[in-house]
Amino acid sequence: MNLIPLPEFWAVIPAAGVGARMRADRPKQYLRLGERTVLEHTLGCFLGHPTLKGLVVCLAEDDPWWPGLACAGDPRIARVAGGCERADSVLNGLLHLLELGADEHDWVLVHDAARPNLSREDLDLLLGELAEDPVGGLLAVPARDTLKRVGKDGRVRETVDRSVIWQAYTPQMFRLGALHRSLADARVSRVAITDEASALEWAGQAPRLVEGRADNLKITRPEDLEWLRQRWGLGSGD
Ligand SMILES: Nc1ccn([C@@H]2O[C@H](COP(=O)(O)OP(=O)(O)OP(=O)(O)O)[C@@H](O)[C@H]2O)c(=O)n1
Ligand SMILES: C[C@](O)(CO)[C@H](O)COP(=O)(O)O
């Protein structure tokens, strides 16, 4: 039982991707999942949380779908333009928080728009476990399958020791100033950054892994959405 009160936090939701791997008629964050879109479900994981200070969603500059969402006029949601890569979108979101007057010591949680199945339990687990952490960290799950390193010929090069391998999920939770500086420096140095933790790692920090639910999956390919629709008891086309 965690007796430390949950910390206040800001949320940045990168939602400016094109969803190429989904091969759909629109970016995957705008595909339907029951009565709402994937993005609306993801935003709903945070809106209404008692310690949320504010939320920024990063949208493609030519995004024609956002205005059609019921939450488009929600005053709790700030919008910024996304960037070429996910890290650029996140950086724009962090900059906007600073412009809003957020303190550099405030906690910020970055969560993929494409992960609509985040549970409240996992969100509160992350907040509670990292509330007093000196670095921050992320939800993650230990590897469950045997892992192989592959050669250029598509054949196995080695079996990887999976006891020390975890899959990084989101939200990823860091202090606003530290994340902004690390991410900005990494982008200037052209370091490949695919999640927030890797920017902190590049800056010499060791983020903490907090084990969460494996069903907090990122909708990436068509079968991911099919699986989640079935999990939620929805029809294949819902
Ligand atoms: N320039 C980008 C690229 C991605 N994202 C967001 O980052 C999250 C995770 O990225 P990913 O799953 O790779 O989404 P896409 O880039 O849209 O997918 P793909 O690589 O298949 O095009 C998604 O919510 C996506 O909208 C973003 O905000 N800005
Ligand atoms: C941030 C992330 O979801 C952690 O696993 C992942 O790195 C996003 O990668 P993508 O290629 O941008 O989907």
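Labelled according to an unreviewed UniProt entry, the chain appears under the name 2-C-methyl-D-erythritol 4-phosphate cytidylyltransferase, originating from Geopseudomonas guangdongensis. The annotation that UniProt attaches to the chain under Catalytic activity (unreviewed entry) is "2-C-methyl-D-erythritol 4-phosphate + CTP + H(+) = 4-CDP-2-C-methyl-D-erythritol + diphosphate". If you open the UniProt record of the chain and go to Function (unreviewed entry), you find "Catalyzes the formation of 4-diphosphocytidyl-2-C-methyl-D-erythritol from CTP and 2-C-methyl-D-erythritol 4-phosphate (MEP)."

Participant: With reference to specific residues and values, describe the site of ligand 2.
Facilitator: Within the structure, ligand 2 sits among Arg21, Arg86, Asp112, Arg115, Ala168, Thr170, Thr194, Asp195 and Lys218. One nitrogen or oxygen atom from the side chain of aspartate 112 is found 2.6 Å from an oxygen atom belonging to ligand 2. At 2.7 Å from an oxygen atom of ligand 2 is found a side-chain nitrogen or oxygen belonging to lysine 218. Here ligand 2 loses 73% of its free accessible area of 350 Å² to cover by the protein chains. The residue makeup of the shell around ligand 2, split by class, is one nonpolar, two polar and six charged.

Participant: I'd love a proper account of the nonpolar core, names of residues and values included.
Facilitator: Of all hydrophobic cores here, the largest spans 31 residues; its most connected members are Leu39, Leu43, Phe46, Leu55, Val57 and Trp66. When contributions to this core are tallied by element, the ones reaching two or more residues are β1 (9-15), α1 (38-44), β4 (52-59), β6 (107-110), α3 (120-130), β7 (136-142) and β10 (166-175). If near-sequence neighbours (up to four positions away) are discounted, tryptophan 66 is found in contact with Tyr30, Leu39, Leu43, Val57, Leu59, Cys71, Ala72, Ile77 and Arg79. If you look at the next biggest cluster of nonpolar residues, it comprises 27 residues, including Val108, Ala140, Ala184 and Ala197.

Participant: If you had to explain the UniProt feature "site: Transition state stabilizer" (unreviewed entry) in the chain to someone new, which residues and values would you point to?
Facilitator: As annotated in UniProt, the feature "site: Transition state stabilizer" (unreviewed entry) corresponds to Arg21 and Lys28 in the numbering used here. Mapping arginine 21 onto the fold places it in the loop between β1 and β2 (32-33). Residue contacts for arginine 21: discarding those within four places in its chain leaves Lys218, Thr220, Arg221 and Pro222. Along the chain, the position of lysine 28 falls in the loop between β1 and β2. Not counting residues within four places of it along the chain, the set of residues in contact with lysine 28 comprises Gly19, Met22, Val38, Ala114, Ile219 and Thr220.

Participant: Now, about unusual backbone geometry: what can you tell me, with residues and values included?
Facilitator: Of the consecutive residues threonine 170 and proline 171, the connecting peptide bond is found in the cis state with omega at 10°. In the Ramachandran plot, arginine 23 falls in the positive-phi region, its phi being about 50° despite a non-glycine side chain. When you line up the elements, arginine 23 lands in the loop between β1 and β2. With a phi close to 55°, arginine 190 is a non-glycine residue in the positive phi region. By secondary structure assignment, the location of arginine 190 is in the loop between α4 (176-188) and α5 (196-202). Arginine 190 sits in the exposed class, given a relative accessible area of 77%.

Cut-off values and rules
- Residues numbered from 1 in each chain as written.
- Chains lettered and ligands numbered in written order.
- Predicted model: local features only at pLDDT ≥ 70, side-chain atom pairs only at ≥ 80, totals over all residues.
- Heavy atoms only, no water.
- UniProt positions renumbered as here; feature names shortened; annotations may be inferred.
- Near = heavy atom within 4 Å.
- Polar contact = N/O pair within 3.5 Å; in protein donor to acceptor, adjacent residues only side chain to side chain.
- Areas by Shrake-Rupley, 256 points an atom, 1.4 Å probe, with all protein chains shown as cover.
- Nonpolar A, V, L, I, M, F, W, Y, C, P; charged D, E, K, R; others polar.
- Core = buried A, V, L, I, M, F, W, Y, C linked by side-chain atoms within 4.5 Å.
- Buried < 20%, exposed > 50% of the residue type's maximum accessible area, 1.4 Å probe, protein only.
- Helix = DSSP H or I, 4+ residues; strand = E, 2+ residues; numbered from the N terminus.
- Contact = heavy atoms within 4.5 Å.

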